Amino acid sequence: MTSSEAATAEAPASTEKAATNPLEQFVLLAKTAKGAAALELIKQAVETPGVHVFGELLDMPNIKELENSPHAEYWNTLNLFAYGTYKEYLANKSQLLDLTPVQKKKLQHLTIVTLATKSRCIPYSILLEELDIKNVRDLEDLIIEAIYADIIHGKLDQKNSQLEVDYTGLGRDVRPGDAGAVAETLAEWGQACSDILNCIEQQVNKANSEKTRAIQHKDKIQKDIAFVKKTIASQPGSSLQDADMAPGGSGSGTSDASREALCNPLSLFDMKKKMHKGKSMRGERLLRKTARFPLNE
């Protein structure tokens, strides 16, 4: 494959990537943009809808050169859109470009995202101050636009005069000096997850132990039932019906007392004694009848 064919094959891939990431086209152009072209590139980047992160563009050598050049306001403006807020823009206007209405609104939306990372419920009073908006109606219109643009997800709480943010639809650039704080936050989150997993594992082990004890208890009861039935069946004059009347039997003799014996080993022991006593009493009554009516010799 020749170099021209390779360039032709790579072009569609670059175009597709740029379509997926709107900033990509500006990063590609920044590789060759110099002077006035670089300045115009920055103005377009901060105004283009869908471009909300600018870290890659700030790292391009041709853009970095502007930081200490006579056109430093372009660099400062791009840096503001990457990390700053609308209130910072108002405080440093002399060092920044004059923003168009579209650029101002975009910076206000990014400011809402920054505020949402600090609190999920943002009072209107804070939003009015941070966004330099004079009335609540204009503020709510701005928030509704941000919601429809998938910048934030939440709802307006007009009763309590606050914005409730569920989550943000985008993330902002992280300042180089804030990387340590981000890593620390992630480490704390990871430790919290580990603690939760350990707690769940302890509960699972406890449940398994309880299950094992319950199975062992059930087996013991079943063995006692089998022993009682075997004992009844082995006594003289006993029948299969007598055995079925024992605890756990399948006959109609499975009474409440039988079911109680299944749950209480002491009750089972008492039932054994009663059954044995009943057999003895039947034997005594048979002897008395024989004595009163002796057989003829």
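Residues numbered from 1 in each chain as written. Predicted model: local features only at pLDDT ≥ 70, side-chain atom pairs only at ≥ 80, totals over all residues. Heavy atoms only, no water.

A.B. asks: How should the nonpolar core be read in this particular structure?
C.D. replies: In globular proteins that are soluble, nonpolar side chains generally tend to be buried together. Of all hydrophobic cores here, the largest spans 50 residues; its most connected members are Leu 57, Ile 63 and Leu 127. Once you skip the residues sitting within four places of it in the chain, Leu 127 turns out to touch Ile 112, Leu 115, Ile 122, Asp 132, Leu 139, Ile 143 and Leu 163. (Core = buried A, V, L, I, M, F, W, Y, C linked by side-chain atoms within 4.5 Å. Buried < 20%, exposed > 50% of the residue type's maximum accessible area, 1.4 Å probe, protein only. Contact = heavy atoms within 4.5 Å.)

A.B. asks: Looking at this model, I keep getting lost on helix H10 (residues 136-148). Mind explaining?
C.D. replies: In an α-helix, one turn spans 3.6 residues, which is why side chains three or four residues apart end up on the same side. Over its 13 residues, H10 runs 18 Å from end to end, which matches the ideal 18 Å to within 8%, given 1.5 Å per residue. Those residues of H10 that sit buried are Leu 139, Glu 140, Leu 142, Ile 143 and Ala 146. Angularly, the buried residues of H10 cover 160 degrees about the axis, an arc narrow enough to put them on a single face. Every exposed residue of H10 that faces more than 90 degrees away from the buried side is listed here: Arg 137 and Tyr 148. On its buried face, H10 sits against helix H8 (101-118), helix H9 (124-131), strand E2 (152-157) and strand E3 (162-168). Here H10 starts with a cap whose side-chain oxygen sits 3.3 Å from the backbone nitrogen of Arg 137, and that cap is Asn 135. (Helix = DSSP H or I, 4+ residues; strand = E, 2+ residues; numbered from the N terminus. Expected span 1.5 Å × (residues − 1). Arc of directions from axis to C-beta. Polar contact = N/O pair within 3.5 Å; in protein donor to acceptor, adjacent residues only side chain to side chain.)

A.B. asks: In this structure, what is going on with the environment of Lys 106? I would like to understand it.
C.D. replies: Inspection of the secondary structure puts Lys 106 in helix H8. When the C-alpha atoms of Lys 106 and Thr 48 are compared, they prove to be 9.2 Å apart, with 58 residues separating the residues in sequence. Residue contacts for Lys 106: discarding those within four places in its chain leaves Ala 45, Val 46, Glu 47, Thr 48, Val 51, His 52, Phe 54 and Phe 81. One polar contact links the side chain of Lys 106 to the main-chain carbonyl oxygen of Thr 48, over a distance of 2.7 Å. Looking at Lys 106, its side chain comes within polar contact range of the main-chain oxygen of Val 51, at 2.6 Å.

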